[in-house]
Amino acid sequence: MSLIRRGNVFDPFSLDLWDPFQGFPFGSGSGSLFPSFPRTDSETAAFAGARFDWKETPEAHVFKADVPGLKKEEVKVEVEDGNVLQISGERNKEQEEKTDTWHRVERSSGKFLRRFRLPENAKTEQIKASMENGVLTVTVPKEEVKKPEVKSIQISG
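Quick look at the structure, then. Counting from 1, residues in each chain are numbered in the order their sequence is written. The predicted origin of the model limits local features to residues at a pLDDT of at least 70 and limits the giving and counting of side-chain atom pairs to 80 or more, whereas totals for whole chains, interfaces and linings rest on all residues. Side-chain measures here rest on the full set of heavy atoms in the structure, leaving out hydrogens and waters.

## Concerning the packing of aromatic side chains
Geometrically, a pair of aromatic rings is defined through the distance of the ring centres and the angle of the planes.
Then step 1. Working definition: a ring pair exists when centres of Phe, Tyr or Trp rings (six-membered ring for Trp) sit within 6.5 Å. Plane angles under 30 degrees give stacked, over 60 give edge-to-face, the rest tilted. Across all of its chains, the model carries five aromatic pairs by this definition.
Then step 2. With a centroid separation of 6.5 Å and an interplanar angle of 50°, the aromatic rings of F52 and F112 are classed as tilted. In this pair, F52 sits in strand β1 (residues 52-56) while F112 sits in strand β5 (residues 110-117), placing the two residues 60 residues apart along the sequence. Taken individually, F52 and F112 each receive the classification buried, so the pair is uniform in this respect.
Then step 3. Seen from their ring centres, W54 and F116 are 5.9 Å apart, and the 75° between their planes marks the pair as edge-to-face. Here W54, found in strand β1, pairs with F116, found in strand β5; they are 62 residues apart in sequence, far enough to count as distant. Take W54 and F116: they sit in the same class, and that class is buried.
Then step 4. Here the aromatic cluster, defined as three or more aromatic residues joined through ring pairs, consists of F52, W54, F63, F112 and F116. Helix numbering and strand numbering both begin at the N terminus, where a helix is a DSSP run of H or I of at least 4 residues and a strand a DSSP run of E of at least 2. The buried label applies to any residue whose accessible area, calculated with a 1.4 Å probe on protein chains only, is under 20% of its type's maximum; exposed applies above 50%, and partly exposed to all values in between.

Shown next, in the form of structure tokens:
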């Protein structure tokens, strides 16, 4: 069975935190009606939602993420606890000069971190990552499924 994340569909392999009050006027955080929820500052939240695609082919699990403007040195791909793929990165805010007048700031900055629990058939020691034209591709090879050996037994009698 493969799961595809579409919109707000629950993804059991993702370890992201979900804030049910995100976007409401009372919000989350210290100044809200619900201060016990973790707070994300708006600067980080804009880029924190880095979108990932995860597809499974017969040979591998392939993760793709759009990370425009990031260099490969600004992105980390790691494996934690043997089967958790962690992908993180940071886009720094552009330095402001005192003499500059900004008319519009729409490009996001901040950090992102995504974790995916890999299935048991993942070969974590052979993971490969590449980045081309602002798209990060992480390929996790799968172990070959060994077909059970079938031995015919003669029936006597």
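So that's the structure; there's more coming.
## Focus: the pairing of strand β6 (residues 128-132)
Then step 1. At least two DSSP bridges between two strands are required for those strands to pair. Note: β6 against strand β7 (residues 135-141), five bridges, orientation antiparallel. Along β7, the bridge assignment pairs M131 with L136.
Then step 2. Here β6 hands over to β7 after two residues, with N133 in that stretch at a positive phi of 55°.

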